[in-house]
Amino acid sequence: MIQIYDTDVVFHKEWYALKNINLKIEKGEFIFVTGPSGCGKTTLLRLMYMDIFPTKGEVIVAGYHSSSIKSKEIPFLRRKIGVIFQDFKLLQDRDLFDNVSFALQVTATPRKQIKEKVLKTIADVHLSHKRDSFPYQLSGGEQQRVSIARALVREPFILLADEPTGNVDPESTKQILELLKDINASGTAVIMATHEIHLVKKSPFRKIVVKMGEVIEDTKDNLKEEIFLDNL
Amino acid sequence: MFILREAFRGLSKNKLMALVTFGVMFFSLFIFGLFLISTVNLFLLIQKAEEKVGISAFLEDELSDNEIESLKRDISSLMGVQEVIFVSKSEAFEKFREDLGEDSDLLEALETNPLPASFDIKLYESFKDPKNLESISRKVDAMPGVEEIKYGEEWVKILDRVVKVLVGIDLILGVIISFSSIFVVANTIKLTVFARRKQIEIMELVGATHRFIISPFLVEGVIEGILAGGFASGLLFGIYNIFAARLGDFIQVTRELFIIVVVFGTLLGYIGSHISVKKFLRAPIGTELPKGK
Ligand SMILES: Nc1ncnc2c1ncn2[C@@H]1O[C@H](COP(=O)(O)OP(=O)(O)OP(=O)(O)O)[C@@H](O)[C@H]1O
Ligand SMILES: [Mg+2]
């Protein structure tokens, strides 16, 4: 599903943002990517939605190879991937419903389907009652759930989350983690980057720890431990 | 349709920027229209000047009608000759008298008509250059019965050079005006696109194709271009109507001018938006700098 082979990313000469990365990510996994600030978590995720390309090595996502993907194919790869960020990236001049439907409109989805899918996805993130609100009328946690809805409305096989809880309070953090868990339970793989080690410590899920651009730990296995969220 | 809706949304949400873009386009197109009017008039002038270019062949006095007829046929068969008009001695005298006007009384003193009969030889456009004029003149001059040839060698040479220089300047000016219009308009539109770069970023993120991302901007640009072209040529017509009477038959503004300005406006909007949006495509999405918390 996602494979990364012997991959380096170099932004400036002789400075490795990522070095010799080898990873295999299977369908339906839940993975935390952790490590100190500046270690390369964001860079790793950007490789996966092909926002950047490896300096050396190969990244394969959903059958697209980083070495051979054509510029024209990138939009079609992105349609299979959901991405959310610390800063939500919502359109301030559109309400919640329009922000979510935007992802379907720009890929020319028939109007009837749009309404149905958007309403269902908004319900999934528990925001049906706020469908007419604009981003500035929503809390950080709610805005992040809108961005999750926008990422999910295309039914991606994987959700990439780069510090999704970086800008929200502890209560919302818990809600968002719970939501990500639900999403994963319904079959979507989730990869979440965070430097908040305490979120991850007691987690049963696979952990990839990055330091100075290198993977120093990969637990590989997803332990099943339902108590994880209760202990937050 | 989404693209149209987005285009109108863009225009109405950013009225000030839309107005600025319109203004810049309007100004560019007005200049472009002025240039077109000048070009049309320049070519009109050149055409008028070149109409006068021709060869006069003065004939010996004692030619019979038959000889004149056959001479006319010979000249007509030369390459490049469009028309040969016979001017008899008396016609020449009449014309001379008209040219003199008030002083024509002086002619009464003359007992005989001193003016020779002649042929006015008109040439095809493409033969009105110094080289062809000279070679045709030489051939006519060599024919029996032709006494003298006149075609204003010096004047033709100067006219030829002036025309070449003017047309050259006109062309260069046209290219400069076109490209600087596109440059200025593209840079103005870039501000509009910059204001919406976040929207472009999100479109890239959720998998919109580049064509889809560009389209609303193209529609906006084309709408503004058509409007600006319409208003610019409207103003040109207004100015023309005010000055038309005074300038007489010099200025020629046609309906084609209107169409050309609007078409150029459309192109301006299209190319301008295309250039500006292209600059914002494929911008990195996930680059917030590390927070260091
Ligand atoms: N576009 C870029 N140009 C140059 N250097 C970059 C660029 N993006 C990232 N880097 C560098 O690469 C390294 C890894 O950055 P990255 O953003 O992946 O870290 P991170 O683990 O996500 O950090 P944080 O937890 O603060 O988000 C950093 O040293 C950063 O300065
Ligand atoms: Mg980061």
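Residues numbered from 1 in each chain as written. Chains lettered and ligands numbered in written order. Predicted model: local features only at pLDDT ≥ 70, side-chain atom pairs only at ≥ 80, totals over all residues. Heavy atoms only, no water.

1. What about the overall build of chain A?
Secondary structure assignment for chain A yields seven helices and ten strands. Here the C-alpha radius of gyration of chain A, 18 Å, is about what a compact globule of 232 residues would show, namely 17 Å. Taken across its 232 residues, chain A has 56% of its residues classed as buried. Pairs at least 24 residues apart make up 67% of the contacts formed inside chain A by residues separated by at least 6 positions. In the structure as shown, chain A presents an accessible area of about 10500 Å², 51% of it carried by carbon and sulfur atoms. (Helix = DSSP H or I, 4+ residues; strand = E, 2+ residues; numbered from the N terminus. Rg over C-alpha atoms; globule rule 2.2 N^0.38 Å. Buried < 20%, exposed > 50% of the residue type's maximum accessible area, 1.4 Å probe, protein only. Contact = heavy atoms within 4.5 Å. Areas by Shrake-Rupley, 256 points an atom, 1.4 Å probe, with all protein chains shown as cover.)

2. Some words on the overall build of chain B
Helix and strand content of chain B: nine helices and four strands. The secondary structure elements of chain B, listed N-terminal to C-terminal, are α-α-β-α-β-α-β-α-β-α-α-α-α. Relative to the 2.2 N^0.38 estimate, which gives 19 Å for 293 residues, the radius of gyration of chain B is 32 Å and therefore markedly larger than a compact globule would have. Looking at chain B as a whole, 41% of its 293 residues are labelled buried. The contacts of chain B with a sequence gap of at least 6 include a subset with a gap of at least 24, amounting to 85%. Here chain B displays about 17100 Å² of accessible surface, and carbon together with sulfur accounts for 64% of that area. Positive and negative side-chain charges in chain B, numbering 32 and 38 respectively, have mean positions lying 24 Å apart. (Lys, Arg positive; Asp, Glu negative; His and termini not counted. Charge placed at Lys NZ, Arg CZ, Asp CG, Glu CD.)

3. As for the sheet that holds strand β2 (residues 81–87) of chain B
Residue and element names in this part refer to chain B. Strand order in this open sheet of four strands is β2-β3-β1-β4, and the pairing throughout is antiparallel. Edge positions in the sheet fall to β2 and β4 (146–150), since each of these pairs with one other strand and no more. When the angles between neighbouring strand axes are averaged without regard to direction, this sheet yields 20 degrees. As defined by bridge partners, strand β1 (residues 55–59) adjoins β4 across four bridges and the pair is classed as antiparallel. Within the sheet, the bridge partner assigned to serine 56 lies in β4 and is lysine 150. The sheet strands contacting helix α5 (residues 130–141) are β1, β2, β3 (118–123) and β4, and the helix crosses β4 at an angle near 165 degrees. (Pairing = 2+ DSSP bridges. Axes fitted to C-alpha atoms, helices over the stretch in contact; angles between N-to-C directions.)

4. Focus: the pattern of salt bridges
Applying the stated rule across the entire model yields 20 salt bridges over all chains. Across the pair arginine 46 of chain A and aspartate 51 of chain A runs a salt bridge, and its minimum N-O distance is 2.9 Å. Neither residue differs from the other here; arginine 46 of chain A and aspartate 51 of chain A are each classed as buried. Here lysine 89 of chain B ties to aspartate 61 of chain B by a salt bridge, and the two come within 3.3 Å at their closest N and O atoms. Pair noted here: lysine 89 of chain B is in helix α4 (residues 89–100) and aspartate 61 of chain B is in the loop between β1 and α3 (65–76), with a separation of 28 residues, a long-range link. For lysine 89 of chain B, a relative accessible area of 25% translates into the label partly exposed. For aspartate 61 of chain B, a relative accessible area of 47% gives the class partly exposed. What emerges from the salt-bridge pattern is a single network uniting Asp93 and Arg94 of chain A together with Glu6 and Arg9 of chain B. (Salt bridge = Lys/Arg side-chain N within 4 Å of Asp/Glu carboxyl O.)

5. With respect to the sheet that holds strand β2 (residues 15–25) of chain A
All names here are of chain A. Within the open sheet, the four strands sit side by side as β2-β1-β4-β5. Their pairing is antiparallel. Across the chains shown, the open sheet's two edge strands, defined by having one partner strand only, are β2 and β5 (64–65). One ladder, built from seven bridges, connects strand β1 (residues 2–12) with β2; its direction is antiparallel. Pairing of histidine 12 across the sheet is with tryptophan 15, part of β2. Helix-sheet contacts for helix α1 (residues 41–48) involve β1, β2 and β4 (56–61), and the interaxial angle to β1 is about 120 degrees.

6. Describing a nonpolar patch on the surface
Residue and element names in this part refer to chain B. Where nonpolar side chains cluster on the molecular surface, the patch consists of Phe258, Ile259, Val263, Leu267, Tyr270, Ile271 and Ile275 and spans about 570 Å² of accessible area. Here tyrosine 270 shows up in helix α9 (residues 255–278). Using a relative accessible area of 39% as the deciding quantity, one classes tyrosine 270 as partly exposed. (Patch = residues over 30% accessible without salt bridge, like charges linked within 9 Å, V, L, I, M, F, W, Y side chains within 5 Å.)

7. Re the site of ligand 1
Taken together, 16 residues sit near ligand 1, with Ser37, Gly38, Lys41, Thr42 and Thr43 of chain A positioned nearest. With respect to ligand 1, the chains having nearby residues are chains A and B. Glycine 38 of chain A has a polar backbone atom sitting 2.8 Å from an oxygen atom of ligand 1. In this structure, an oxygen atom belonging to ligand 1 sits 2.6 Å away from a side-chain N or O atom of threonine 42 of chain A. Here ligand 1 has 640 Å² of accessible area as a free molecule, and 82% of this is covered by the chains. Within the residue set of the shell around ligand 1, elements represented by two or more residues are β1, β2 and α1 of chain A. In terms of residue count, α1 of chain A provides more of the shell around ligand 1 than any other element does, three residues in total. In terms of residue class, the shell around ligand 1 is made up of five nonpolar, eight polar and three charged. (Near = heavy atom within 4 Å. Polar contact = N/O pair within 3.5 Å; in protein donor to acceptor, adjacent residues only side chain to side chain. Nonpolar A, V, L, I, M, F, W, Y, C, P; charged D, E, K, R; others polar.)

8. Section: the domain arrangement of chain B
Entries for chain B in the domain assignment read domain 1 (2–49 + 160–282) and domain 2 (54–150). Each of domain 1 of chain B and domain 2 of chain B was reduced to a C-alpha centroid, and the two centroids are 52 Å apart. (Domains from an automatic or database assignment.)

9. Considerations on the interface of chain B and chain A
Across the contact, 28 residues belong to chain B and 33 residues belong to chain A. When the two sides are added together, the surface that chain B and chain A hide from each other amounts to roughly 2700 Å², 53% of it contributed by carbon and sulfur. Ranking the residues of chain B by area buried against chain A places Ile202, Leu205 and Val206 of chain B at the top, with a combined share of 22%. Run the count over chain B and chain A and you get three salt bridges. In this structure, the salt-bridge partner of aspartate 93 of chain A is arginine 9 of chain B, at a minimum N-O distance of 3.9 Å. Our count for the chain B to chain A interface comes out at nine residue pairs in polar contact (both at pLDDT 80 or more). Of all the secondary-structure elements, those providing two or more residues to the side of chain B that touches chain A are α1 (2–13) and α7 (197–206) of chain B. Considering every element that reaches the side of chain B that touches chain A, the biggest residue donor is α7 of chain B, with eight residues. By residue class, the composition of the side of chain B that touches chain A is eleven nonpolar, six polar and eleven charged. (Buried area = accessible area lost by both parts, 1.4 Å probe.)

10. Re the environment of proline 144 of chain B
Residue and element names in this part refer to chain B. In this structure, proline 144 sits in the loop between α5 and β4. Owing to a relative accessible area of 73%, proline 144 belongs among the exposed residues under this scheme. Sequence separation of proline 144 and serine 76 is 68 residues, and the distance between their C-alpha atoms is 15 Å.

11. What to know about the nonpolar core
Ranked by internal contacts, the top residues of the largest apolar core, which has 72 residues, are Ile148 and Leu180 of chain A. Looking at this core element by element, the count peaks at eight residues for helix α8 (residues 210–247) of chain B. Within the second largest apolar cluster, 37 residues are counted, among which are Val33, Leu77, Phe157 and Ile158 of chain A. (Core = buried A, V, L, I, M, F, W, Y, C linked by side-chain atoms within 4.5 Å.)

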